[in-house]
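Coordinate analysis (summary)
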Amino acid sequence: RVMDSEWTDLEPAPAAASTKAPVRFGLQKIRGTKARGVILLSRDVLHKLELTNWRVRVRIGSGAHAHQIAILGDTDGPFELQEMGVAKGGGVFRVRLPVVERFPDATAANVEVAWKVERQGKASVLVIDLPPYCWDQTSARKFEQRYESEAG
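Residues numbered from 1 in each chain as written. Predicted model: local features only at pLDDT ≥ 70, side-chain atom pairs only at ≥ 80, totals over all residues. Heavy atoms only, no water.

Below, the discussion takes up the overall build of the protein chain. Helix and strand counts for the protein chain come out as two helices and ten strands. Relative to all contacts within the protein chain whose residues are 6 or more apart in sequence, the contacts with residues 24 or more apart total 60%. Of the roughly 9800 Å² that the protein chain leaves accessible, carbon and sulfur atoms contribute 51%. (Helix = DSSP H or I, 4+ residues; strand = E, 2+ residues; numbered from the N terminus. Contact = heavy atoms within 4.5 Å. Areas by Shrake-Rupley, 256 points an atom, 1.4 Å probe, with all protein chains shown as cover.)

In spatial order, the strands read E5-E3-E4-E10-E9; together these five strands make up an open sheet with antiparallel pairing. The outermost strands of the open sheet, each flanked by one partner alone, are strand E5 (79-80) and strand E9 (115-120). Note: strand E4 (residues 68-73) against strand E10 (residues 123-129), five bridges, orientation antiparallel. Considered in E10, the bridge of isoleucine 69 is made with isoleucine 128. (Pairing = 2+ DSSP bridges.)

In this structure the tally under the stated criterion is seven salt bridges. The salt bridge partner of lysine 34 is glutamate 101, with a shortest N-O separation of 3.6 Å. Of this pair, lysine 34 sits in the loop between strand E1 (23-28) and strand E2 (36-42) while glutamate 101 is found in the loop between strand E7 (92-96) and strand E8 (108-112), placing the two residues 67 residues apart along the sequence. A salt bridge links glutamate 118 to lysine 116, with the shortest nitrogen-to-oxygen separation between them at 3.7 Å. (Salt bridge = Lys/Arg side-chain N within 4 Å of Asp/Glu carboxyl O.)

What follows covers the side chain of glutamine 68. Residue position: glutamine 68 is located in strand E4. For glutamine 68, the side chain forms a polar contact with the side chain of histidine 65, separated by 2.7 Å. When near neighbours in sequence (up to four residues on either side) are disregarded, glutamine 68 contacts Ile60, Gly61, Lys116, Val127, Ile128, Asp129 and Leu130. (Polar contact = N/O pair within 3.5 Å; in protein donor to acceptor, adjacent residues only side chain to side chain.)

Below, the discussion takes up the packing of aromatic side chains. Inspection of every chain in the model, using the stated rule, returns three aromatic pairs. Taking the centre distance of 5.7 Å and the plane angle of 85 degrees together, the rings of phenylalanine 25 and phenylalanine 103 count as edge-to-face. Taken as a pair, phenylalanine 25 in strand E1 and phenylalanine 103 in the loop between E7 and E8 lie far apart in primary sequence, 78 residues in all. The exposure classification of phenylalanine 25 matches that of phenylalanine 103, with both residues buried. Ring geometry for tyrosine 133 versus phenylalanine 143: centroids 4.2 Å apart, planes at 20 degrees, classification stacked. One end of the pair, tyrosine 133, is in the loop between E10 and helix H2 (137-151); the other, phenylalanine 143, is in helix H2, with ten residues separating them in the sequence. (Phe/Tyr/Trp six-rings, centres within 6.5 Å; stacked < 30°, edge-to-face > 60°. Buried < 20%, exposed > 50% of the residue type's maximum accessible area, 1.4 Å probe, protein only.)

The structure is reproduced here in structure tokens:
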């Protein structure tokens, strides 16, 4: 019987999201640096934010919003949306986040995530649900262990 405590279930690696997904989130490690979050947004999603330029402010939630990150247009915002794949017609914009200590230090495929646009006063705010490994310690630990075993 293979149902006892000497066995551990393996999980398939999450597949990368379709390039058509409106909002995607992943983690990227570049040459030995700590992993940084990357958010990919479609032009349609950005249109709903009513941006006046490509500068945005990014906020990470805590408490009841610990599983979320918010993006809001700000003409003096510290982040600039970068259009990707312009040669192929573009339409997808990237925000590369700084190192966030609670995110696992591992590479993660860009996965489709839930999102909604909320009104806060006169502004529209994009609220994105982060993958569980970004806010749940158990998921983060499992994710890092799987990453380390795959990285060898």
